[in-house]
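Each chain, written out:
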Amino acid sequence: MGLNDTVSAERPHIGFFGLRNAGKSSVVNAVTGQNLSVVSAVKGTTTDPVQKAMELLPAGPVVVIDTPGMDDTGSLGEERVRRALRVLDRTDVAVLVVDGTIGLQPANRELIGLFDERKVPYIIAYNKADLLAACPQTAENEIYVSAADGTNIHALKERIAQLANRDANAKPLVADLLAPGDFVVLVVPVDSAAPKGRLILPQQQAVRDILDAGAVSVVTGVEGLPHTLGTLREKPRLVITDSQAFGQVNRLVPPDIQLTSFSILMARYKGSLQRAVQGAAALSRLRDGDRVLISEGCTHHRQCGDIGTVKLPSWIRQYTGKEPQFAFTSGREFPEDLSPYALVVHCGGCMLNGREMQSRARRAAECGVPMTNYGIAIAQMHGILARSLEPFPAVYGELV
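Below, the structure is looked at part by part. (Residues numbered from 1 in each chain as written. Predicted model: local features only at pLDDT ≥ 70, side-chain atom pairs only at ≥ 80, totals over all residues. Heavy atoms only, no water.)

Section: the sheet that holds strand 13 (residues 343-346)
Note on sheets: strands pair through backbone hydrogen bonds, and any given pair is parallel or antiparallel.
Then, number 1: Across the sheet, four strands lie side by side as 12-11-13-14; this open sheet has parallel pairing. The open sheet has two edge strands with one neighbour each: strand 12 (325-330) and strand 14 (371-373). Neighbour to neighbour, the strand axes of the sheet diverge by 25 degrees on average, direction disregarded.
Then, number 2: Across three bridges, strand 13 lies against strand 14 in parallel orientation. Across the sheet, residue His346 finds its bridge partner in strand 14, namely Asn373.
Then, number 3: Sheet strands touched by helix 10 (residues 307-320): strand 11 (291-296), strand 12 and strand 13. Its angle to strand 12, the strand with the most contacts, is close to 150 degrees. (Pairing = 2+ DSSP bridges. Helix = DSSP H or I, 4+ residues; strand = E, 2+ residues; numbered from the N terminus. Axes fitted to C-alpha atoms, helices over the stretch in contact; angles between N-to-C directions. Contact = heavy atoms within 4.5 Å.)

In structure tokens, the structure reads:
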């Protein structure tokens with residue numbers, strides 16, 4: 001995909017980290033060829049993470065993030081450091097910028113420890129090579145550069161591209177479930193919550209993936225589904241529905257046709273399907289007063305009948321017969337400490353990259369809090385979870 005048709009969640013996220021005055025922002029500007037970050041001799045000029053989706057050759061479409069210095073001081077500095085560390089949750093490739101005239105400092109080594117702990121591939125870029133008489137021998141993931149005169153900046157970009165593209169195109173959304181010529185029916189409700197004049201991201205991705213598989217996508221609303229199924233010349237290989245319509249669509253689709261949802265496909269795509277299925281079991285254990293966090297990865301205007309703040313709480317109350325307390329987050333707002341919650345119900349995460357979704361799931365696991373997904377929770381509460389997982393034999397086999 002090119003610059004204009006690759007959403008931020010699907011681009012490798014390149015995070016630049018380092019101490020104040022290592023020339024981190026200067027290196028970011030040299031690598032991107034843009035004045036992405038303000039550069040100054042004053043320590044701590046970068047006060048908040050600066051993020052931009054762009055084309056970075058030879059890597060292609062990426063998101064570049066410049067972070068505050070990791071040795072910032074004072075209470076405000078500590079908050080800046082916390083924000084910089086949160087960038088790690090969505091970083092696919094880290095570039096640690098070090099002042100080459102000084103070398104690695106203890107704070108740099110702490111950062112490297114965090115990269116290793118979170119399995120984030122990284123490059124150490126020793127800046128200010130123009131001030132050195134000679135550049136020492138480096139390890140495979142180290143390079144001496146100069147933002148001032150451009151030394152090795154192109155070589156740094158090539159190394160970033162190698163790491164960024166290492167897992168490119170490794171994860172299909174649905175193509176691996178299909179054979180050429182298969183029919184796939186996409187059920188897209190048309191209501192007040194639907195965006196005017198366009199499909200939402202998971203629907204767009206599904207259509208693209210089906211085309212890539214050489215299969216045929218047929219898009220319909222819930223009301224048109226019976227007519228669509230009746231006029232197709234052969235049985236669909238799969239029906240994919242918006243999770244909100246799971247109950248209706250389940251009644252309309254014959255049991256010999258596999259059925260799942262966009263949200264469940266997104267859980268698999270983001271690497272959290274099995275954990276989310278396990279988390280759904282916690283719905284039946286909820287008690288009065290338990291706190292349930294419902295989290296969306298995007299921010300949008302709340303509609304009357306909004307799925308996250310209205311429909312899910314209502315379905316949970318009906319399913320459990322209990323009165324839990326609900327809390328809601330959206331966008332990048334997500335609690336560091338999840339221990340007060342009995343359950344986290346997360347959207348499909350189409351606007352978050354895989355790293356950030358996995359980081360949230362890991363945070364829940366570390367706190368011992370089950371975490372599930374909108375589509376999986378809805379399927380569980382409608383009694384059709386097993387059916388919705390039939391396309392995924394490994395997970396389905398564990399469930400039945």
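Brief notes about the sheet that holds strand 3 (residues 60-66)
Then, number 1: Spatially, 2-3-1-4-5-6 is the arrangement adopted by the six strands of the open sheet, whose pairing is mixed. Looking at strand neighbours, the two that pair on one side only are strand 2 (50-56) and strand 6 (142-144), the edges of this open sheet. Across the sheet, the axes of successive neighbouring strands diverge by a mean angle of 25 degrees, strand direction being ignored.
Then, number 2: Where strand 4 (residues 93-99) meets strand 5 (residues 122-127), six bridges bridge the pair, whose relative direction is parallel.

Some remarks on the nonpolar core
Then, number 1: Counting 63 residues, the largest nonpolar core has Val249, Leu273, Leu312 and Ile376 as its most contacted members.
Then, number 2: Setting aside its immediate chain neighbours within four residues, Leu312 contacts Ile294, Ile307, Val345, Tyr374, Ile378 and Met381.
Then, number 3: Val28, Val93, Val97 and Ile143 belong to the second-largest nonpolar core, a separate cluster that totals 23 residues. (Core = buried A, V, L, I, M, F, W, Y, C linked by side-chain atoms within 4.5 Å. Buried < 20%, exposed > 50% of the residue type's maximum accessible area, 1.4 Å probe, protein only.)

Observations regarding the pattern of salt bridges
Then, number 1: The tally for this structure, following the rule as stated, stands at 16 salt bridges.
Then, number 2: A salt bridge links Arg360 to Glu356; the nearest nitrogen and oxygen atoms lie 3.5 Å apart. Of this pair, Arg360 and Glu356 both sit in helix 11 (residues 354-366), separated by four residues, roughly a single helical turn.
Then, number 3: On the accessibility criterion, Arg360 (2% relative accessible area) is buried.
Then, number 4: Judged by relative accessible area, Glu356 falls into the buried class, the value being 5%. (Salt bridge = Lys/Arg side-chain N within 4 Å of Asp/Glu carboxyl O.)

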